[in-house]
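A structural walkthrough
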Amino acid sequence: MSAAAEAGLRRILAVVDLLIDAVDEDTLVPALLPLLLGAVPGDSIIWSPRAGCADRPLTLPAGLLTPDIREAFARESAADSFVTHTTFGPGTPMRRSTLQTRSAFHALAAYADVYRPLGAEQQLAMSFPAGYAAGVPRKVCVAISRSGGDFSDDDVAAAALLRTRLSRVLNRLAPPVPAPAPSPVTRRESAVLTLLARGLTNQQIARRLAISPRTVDKHLEHAYAKLQVGGRVEAANAWLTRGPTALRLAP
């Protein structure tokens, strides 16, 4: 292995070591960005925590994206096929030069308003699943830029290697929030459901339990929500198949 390859491997391993020890995303990402910028060398890196939304990206150097640049990107990025590949496509690591000629890149409105001010003459970008935010599946986008020579095949390979590990760690740090357990069925709701499952009407249930039909309606309304059903037939079927042995009863 050449000296350059060994140095590159050490940079990748430094990222992996950080990921192994990660316990909190807010602490991880600021420490991660300089290591990523070392593993896939560039002048700047942009980490967008939710692809395709207005969340403020994290950058290195900090404050890279001025309000004017952010506004121009929001206005003009839809016409950039490189952004489309990263945000809405497969998100595999790709150099801009693989997708666009230099002249096509320079012809973009976003080049004059966004990329040239950033010194982003060469770019490598990727995206990956990154757990959940507010209960919604999330995808992170990462873009590394250079003002000089293009990214190499080794840079793309390093990004692909890290992409898998980044996704795995962020999925662990941002898991889906478990659905809340249904509220317990009360004993009176259980009695109403039992009679409902036997085919009794609300009037018959009311007479059997010595309550009013309106009270039966209220008990059923509450029971439907707890059983996550929409009506009498579904409730009866759910009660027959799951029943009080499978559902918590309130004391």
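Residues numbered from 1 in each chain as written. Predicted model: local features only at pLDDT ≥ 70, side-chain atom pairs only at ≥ 80, totals over all residues. Heavy atoms only, no water.

**So, the overall build of the chain**
- From N to C terminus, the chain includes 13 helices and five strands.
- For the chain, the C-alpha radius of gyration of 28 Å lies well beyond 18 Å, the compact-globule estimate for 251 residues.
- Relative to its full complement of 251 residues, the chain shows a buried share of 43%.
- Expressed as a percentage of contacts within the chain between residues at least 6 apart in sequence, the contacts between residues at least 24 apart total 61%.
- Counting every atom, the chain has about 13,400 Å² of accessible surface; 58% of that belongs to carbon and sulfur. (Helix = DSSP H or I, 4+ residues; strand = E, 2+ residues; numbered from the N terminus. Rg over C-alpha atoms; globule rule 2.2 N^0.38 Å. Buried < 20%, exposed > 50% of the residue type's maximum accessible area, 1.4 Å probe, protein only. Contact = heavy atoms within 4.5 Å. Areas by Shrake-Rupley, 256 points an atom, 1.4 Å probe, with all protein chains shown as cover.)

**A word on the environment of Leu195**
- Within the secondary structure, Leu195 is located in helix H9 (residues 187-197).
- Given the relative accessible area of 4%, Leu195 is considered buried.
- Remark: the alpha-carbon pair of Leu195 and Arg208, spanning 13 residues in sequence, is separated by 8.8 Å.
- Not counting residues within four places of it along the chain, the set of residues in contact with Leu195 comprises Leu200, Ile205, Arg208 and Leu209.

**A word on the pairing of strand E5 (residues 136-146)**
- Most of E5 is tucked away, with eight of its eleven residues classed as buried.
- Counting the residues that bridge the hairpin from strand E4 (residues 122-133) to E5 gives two residues, and of these Ala134 lies at a positive phi of roughly 55°. (Pairing = 2+ DSSP bridges.)

**So, the nonpolar core**
- Counting 30 residues, the largest nonpolar core has Leu32, Leu36, Trp47, Phe128, Val142 and Leu166 as its most contacted members.
- When residues of this core are traced back to their parent elements, those giving at least two are helix H1 (3-21), helix H2 (25-39), strand E1 (44-48), E4, E5 and helix H8 (153-173).
- If sequence neighbours within four positions are ignored, Trp47 has contacts with Val29, Leu32, Leu33, Leu36, Pro57, Leu58, Phe128, Val140, Cys141, Val142, Leu166 and Leu170.
- One finds Val192, Leu209, Leu220 and Ala236 within the second-largest nonpolar core, a separate group that totals 20 residues. (Core = buried A, V, L, I, M, F, W, Y, C linked by side-chain atoms within 4.5 Å.)

**Some thoughts on the pattern of salt bridges**
- Scanning all chains against the criterion turns up ten salt bridges.
- Here Arg138 and Glu25 are joined by a salt bridge, their closest N and O atoms 2.8 Å apart. Within this pair, whereas Arg138 is found in strand E5, its partner Glu25 is found in helix H2, the two being separated by 113 residues in sequence.
- By relative accessible area, Glu25 is classed as buried at 17%.
- With its nearest N and O atoms 2.9 Å apart, the salt bridge here joins Arg95 to Asp153. Taken together, the residues Arg95 in strand E3 (residues 94-95) and Asp153 in helix H8 connect sequence positions 58 residues apart. (Salt bridge = Lys/Arg side-chain N within 4 Å of Asp/Glu carboxyl O.)

**Thoughts on the packing of aromatic side chains**
- One pass over the full model with this rule turns up three aromatic pairs.
- A centroid spacing of 5.0 Å and a plane angle of 75° characterise the contact between Phe105 and Tyr111, whose relative ring orientation is edge-to-face.
- When its relative accessible area of 4% is taken as the criterion, Phe105 is described as buried.
- Look at Phe105 and Tyr115: their rings are 5.4 Å apart centre to centre, the planes differ by 50°, and that puts the pair in the tilted class. Taken as a pair, Phe105 in helix H6 (residues 102-107) and Tyr115 in helix H7 (residues 109-118) lie far apart in primary sequence, ten residues in all.
- Members of the aromatic cluster, each reached through a chain of ring pairs, are Phe105, Tyr111 and Tyr115. (Phe/Tyr/Trp six-rings, centres within 6.5 Å; stacked < 30°, edge-to-face > 60°.)

**Considerations on the packing of helix H11 (residues 213-227) against helix H12 (residues 232-241)**
- Look at H11 against H12: their axes get within 10 Å of each other, and the N-to-C directions meet at 60°. One finds that H11 runs oblique with respect to H12. Considering the relative orientation of H11 and H12, their crossing is left-handed. In contact with Leu220, Tyr224 and Leu227 of H11, H12 contributes Arg232, Ala235, Ala238 and Trp239.
- Considered class by class, the residues forming the contact of H11 with H12 number six nonpolar, no polar and one charged. (Axes fitted to C-alpha atoms, helices over the stretch in contact; angles between N-to-C directions. Parallel < 35°, antiparallel > 145°, perpendicular 65-115°, else oblique. Left-handed = near helix turned anticlockwise from the far one by under 90°. Nonpolar A, V, L, I, M, F, W, Y, C, P; charged D, E, K, R; others polar.)

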